[in-house]
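Summary of structural features
The chain contents come next:
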Amino acid sequence: MADLIAVSYDSQYKAEEVRLELLKLQKQHLIELEDAAVVIKNEDGKVKLNQAINLAAAGAASGSFWGLLIGLLFLSPLLGVAVGAAGGAIGGALSDIGVDDNFMRELGETMQPGSSALFILVRKVTPDKVLDEVAQFGGKVLRTSLSKDQEAQLQETLSNRGIELDKVHAEASES
């Protein structure tokens, strides 16, 4: 089962930066993502979803391949590709995997203009290593499926940008 984590950022581009960082960490096998989507609320208040996977394009590619094969059987490969691509694109656009689009749009409407949010579904994670890398970006936790303690720890780490509170207090007392 995957855990949902939604974090908002003050910049329109910050969520995309964090998503790219998470994809790098996924290549290092420190995190396994099921989905990673970015919601941007521009200065005009319009909400835009940026999915990690374009399902319509993936469906069109798959449909083209199968349409070509079937078209070859009936001696009409170009028609098979066209029909297969159209059917695949429609099927891909209608399917929704990962984080629910309506849920992301609803939360996006509550965000401030000029901000963004990252929605991720995490299957597996090495928490300490991943948090060290993403804490530098800050952020505010909007929603999670984590326990209250885990959510509080995540928010504290993001709020302090990875700086442990004990170190801050120790440095302040030395000054």
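Thresholds, definitions, all that
- Residues numbered from 1 in each chain as written.
- Predicted model: local features only at pLDDT ≥ 70, side-chain atom pairs only at ≥ 80, totals over all residues.
- Heavy atoms only, no water.
- 1 Å grid on protein atoms, 1.4 Å probe; cavity = no way out; pocket = protein on both sides within 12 Å on 5 of 7 lines; lining within 4 Å.
- Points joined across faces, edges and corners; volume = space filled by probe spheres on them.
- Helix = DSSP H or I, 4+ residues; strand = E, 2+ residues; numbered from the N terminus.
- Nonpolar A, V, L, I, M, F, W, Y, C, P; charged D, E, K, R; others polar.
- Buried < 20%, exposed > 50% of the residue type's maximum accessible area, 1.4 Å probe, protein only.
- Arc of directions from axis to C-beta.
- Contact = heavy atoms within 4.5 Å.
- Salt bridge = Lys/Arg side-chain N within 4 Å of Asp/Glu carboxyl O.

Okay, the layout of surface pockets next. Empty space within the largest pocket amounts to approximately 490 Å³. Residue lining of the largest pocket: 21 residues in total, with Ile5, Val125, Leu131, Leu146 and Leu154 positioned closest to the centre. For the lining of the largest pocket, the element with the most residues is helix α5 (residues 127-134), which contributes 5 residues. Residue composition of the lining of the largest pocket, by class: 17 nonpolar, 2 polar and 2 charged.

Moving on to helix α4 (residues 101-110). Phe103, Met104, Leu107 and Gly108 are the residues of α4 that are buried. Angular distribution of buried residues about the axis of α4 spans 135 degrees; they occupy a single face of the element. Taken together, the buried residues of α4 touch β1 (3-9), β2 (31-41), β3 (47-50), β4 (115-125) and β5 (140-144).

So, about the side chain of Glu21. Tracing the sequence through the fold places Glu21 in helix α1 (residues 14-27). Once residues within four sequence positions are removed from consideration, Glu21 is found in contact with Glu133, Val134 and Phe137.

Scanning the entire structure with this criterion turns up 4 salt bridges. Linking Arg123 and Glu32 is a salt bridge whose minimum nitrogen-to-oxygen distance equals 2.9 Å. Residue Arg123 is found in strand β4, and its partner Glu32 is found in strand β2; the two are separated by 91 residues along the sequence. A relative accessible area of 42% means that Arg123 is categorised as partly exposed.

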